[in-house]
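Structure assessment
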Amino acid sequence: MAKVPAAYQATKGSILDVDKAFYDRLTAANTERTLLETVTVPMRDGQAWVVPAGHVFRIKVTEGPQVGDFNMWNLHNPRERMWASRTRQLQRAHVSTYDRLWSTLPYLRPMATIIDDSLADYGVDEDGGRVHDLLGTRCDPYVNRLLTGEDFDFHCHSNLVRAVQPYGLTELDVHDVLNVFQCTGLNDDDQYFMKACPAQKGDYLEFFAEIDLLCAMSCCPGGDLSIDLWGPEARDPLETCNPLDVEIYAVEPALLADWSSPQPAPYKGNHGMRLQRVDWPALKKACC
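All residue numbers refer to positions counted from 1 along the written sequence of the respective chain. Residue-level local features of this predicted model are given only where pLDDT is at least 70; pairs of side-chain atoms are given and counted only at 80 or more, and the full residue set underlies all totals for whole chains, interfaces and linings. The basis for the side-chain values is all heavy atoms of the structure; hydrogens and waters are excluded.

Things to note about helix α3 (residues 141-148)
Between the side-chain oxygen at the start of α3 and the backbone nitrogen of Tyr142 there is a gap of 2.8 Å, and the oxygen is on Asp140. Looking at the residues trailing α3, positive phi occurs at Gly149, about 80 degrees. Within 3.5 Å is the distance limit for a polar contact, defined as a pair of N or O atoms, with the added protein rule that one can donate a hydrogen and the other accept it, and that residues adjacent in sequence qualify only through two side-chain atoms. Secondary structure elements follow DSSP: runs of H or I no shorter than four residues count as helices, runs of E no shorter than two count as strands, and numbering proceeds from the N terminus.

Pasting the structure below:
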């Protein structure tokens, strides 16, 4: 890997300078949590759920390896949603503990912070693969039609569309995803590759909700991605498909005493545009 400094670097004391001690207290205090709800995302389907600000949610492998395609919105304003590309720049292309998922412009604030990851030690494998991917995006029926000539209604994009419909959202609200538990990288030709999911029963990725969230996830119809979805070796990977669970927790209020929900980006400009004052009486006198 290139030993070149990151382009986007945190200034001490800025919102990019994560208070690791605060998030460590949340994970160390697991016994000081209250499980509020468990949501099961069925295999080859999608599900949505709500997480209030200041709560924790855990995406968990319950049966066997499975990739989850994850979306997230401001519960009260779906125009503010997770921005995968900016998160890649501000954090990294494969996220883990202390990384944050950032929202779209003009809001640009942390929506959720990863506070625990059972695969944090996976690192970089022999092929350059890493887990929890922001490089790629969801599978969808449009690209499937292009590649195979067939229609299939249970791609991650379609699963997410169905999952958010009860919340008043549409296909236009579904966006680039965080591929939870997915192992990916770039090959020597700078092309995107996917490997078999390394997650096993009991593995998890845990988030702290920085704002009120609507979340949705699809259990990818590719299962653990050990079987090719396209190409000469492709076949139906149904045998590798499993559900995933999401656990939502309330934490002890004392742990949040010094925390406050981040505000939208404080930029107050108007992109260089200024409304010029018009002397309407003078114009009327001149023309009428």
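Thoughts on the nonpolar core
A general feature of soluble globular proteins is that nonpolar side chains tend to end up buried together. Grouped together as the largest cluster of nonpolar side chains are 41 residues, with contacts concentrated most on Trp49, Phe57, Phe70, Leu178, Phe181 and Leu213. The criterion used for residue contact is that any of the two residues' heavy atoms lie within 4.5 Å. Once you skip the residues sitting within four places of it in the chain, Trp49 turns out to touch Val39, Val41, Phe57, Phe70, Tyr167, Leu213, Leu214, Cys215, Ala216, Met217, Val246 and Ile248. Val18, Val56, Ile115 and Trp259 belong to the second largest nonpolar core, which has 13 residues in total. Buried residues of nine kinds, namely Ala, Val, Leu, Ile, Met, Phe, Trp, Tyr and Cys, make up a nonpolar core once their side-chain atoms join them within 4.5 Å. With a 1.4 Å probe rolled over the protein chains alone, any residue whose accessible area is under 20% of its type maximum counts as buried; one over 50% counts as exposed, and the rest are partly exposed.

Structural notes on helix α4 (residues 156-164)
Helical periodicity: at 3.6 residues per turn, an α-helix aligns residues three or four positions apart in one direction. Burial of α4 is extensive: 7 of the 9 residues sit out of reach of the surface. Taken as a whole, α4 has its buried residues at Cys156, His157, Ser158, Asn159, Leu160, Ala163 and Val164. Looking at the packing, one finds that the buried side of α4 touches β2 (46-51), β4 (68-74), α3 and β12 (213-219).

Things to note about a negative patch on the surface
Here a patch means residues that are over 30% exposed by relative accessible area and free of salt bridges, tied together within 9 Å if like-charged and within 5 Å if nonpolar (Val, Leu, Ile, Met, Phe, Trp, Tyr). Computed by Shrake-Rupley with a 1.4 Å probe, the accessible areas treat only the displayed protein chains as cover when residues are assessed. By convention in these notes, a salt bridge is any Lys or Arg side-chain nitrogen within 4 Å of a carboxyl oxygen on Asp or Glu. For the purpose of counting charges, residues Lys and Arg are taken to be positive, whereas Asp and Glu are taken to be negative. His and the chain ends are not included. Working definition for charges: the position is that of NZ of Lys, CZ of Arg, CG of Asp or CD of Glu. Residues Asp17, Asp19, Asp24 and Asp258 make up a contiguous surface patch of negative charge. Tracing the sequence through the fold places Asp19 in the segment before α1 (20-28). The exposure class assigned to Asp19 is partly exposed, which follows from its relative accessible area of 43%.

A few points about the state of the cysteines
Cysteine sulfur atoms that come within 2.5 Å of each other are treated as a disulfide pair. Inspection of every chain in the model, using the stated rule, returns 0 disulfides. Left without a disulfide partner, Cys183 is nearest to the cysteine sulfur of Cys197, which lies 8.4 Å away. In this structure Cys183 comes out as buried when scored by relative accessible area, which is 0%. With no disulfide of its own, Cys215 lies 15 Å from the sulfur of Cys219, the closest cysteine sulfur. The class of Cys215 is buried, set by a relative accessible area of 0%.

Digging into the packing of aromatic side chains
Geometrically, a pair of aromatic rings is defined through the distance of the ring centres and the angle of the planes. Two aromatic rings from Phe, Tyr or Trp, using only the six-membered ring of Trp, form a pair when their centres are within 6.5 Å; if the ring planes differ by under 30 degrees the pair is stacked, by over 60 it is edge-to-face, and anything between is tilted. For the structure on display, the rule yields 10 aromatic pairs. Through a chain of ring-to-ring contacts, the aromatic side chains of Phe22, Tyr23, Phe208 and Trp259 assemble into a single cluster. Should the NZ of a Lys or the CZ of an Arg lie within 6 Å of a ring centre and within 35 degrees of the ring normal, that charge is described as sitting over the ring. One residue, Arg58, lies across the ring of Tyr204, its end atom 3.7 Å from the ring centre.

Some thoughts on the sheet that holds strand β3 (residues 56-61)
Reading across from one edge, β1-β13-β3-β11-β7-β6 is the order of the 6 strands in this open sheet, with antiparallel pairing throughout. Here the strands that pair on one side only, and so sit at the sheet edges, are β1 (33-41) and β6 (100-102). Mean inter-strand twist for the sheet, computed between neighbouring axes without regard to direction, equals 25 degrees. Any two strands with at least two DSSP bridges between them are considered paired. With 3 bridges connecting them, β6 and strand β7 (residues 110-117) associate as antiparallel partners. Opposite Leu101, over in β7, you have Ala112 as the bridge partner. Axis angles are defined between N-to-C directions and span 0 to 180 degrees, where every axis is a line fitted to C-alpha atoms and, for a helix, only to the segment in contact.

Digging into the side chain of Arg138
Locating Arg138 in the fold gives a position in the loop between β8 (130-133) and α3. Engagement of the side chain of Arg138 in a polar contact is seen with the side chain of Thr137, the distance being 3.0 Å. Here the side chain of Arg138 touches His175 through a polar contact of 3.2 Å, landing on its backbone oxygen. Ignoring any residue separated from it by four or fewer positions in sequence, one finds Arg138 in contact with Asp69, Cys156, His157, Leu160, Val174, His175, Asp176 and Val177.

Examining a nonpolar patch on the surface
A grouping of Val50, Leu75 and Tyr167 is seen on the molecular surface, where their side chains present a nonpolar patch of about 220 Å² in accessible area. Note that Val50 resides in strand β2. The exposure class assigned to Val50 is partly exposed, which follows from its relative accessible area of 30%.

Remarks on the environment of Leu108
With respect to the element layout, Leu108 can be found in the loop between β6 and β7. Its relative accessible area of 25% is what places Leu108 among the partly exposed residues. Counting along the chain gives 81 residues from Leu108 to Asp189, while the straight-line C-alpha distance between them is 33 Å. Sequence-distant contacts of Leu108, defined by excluding residues within four places in its chain, comprise Trp83, Arg86, Trp102, Ser103 and Ala265.

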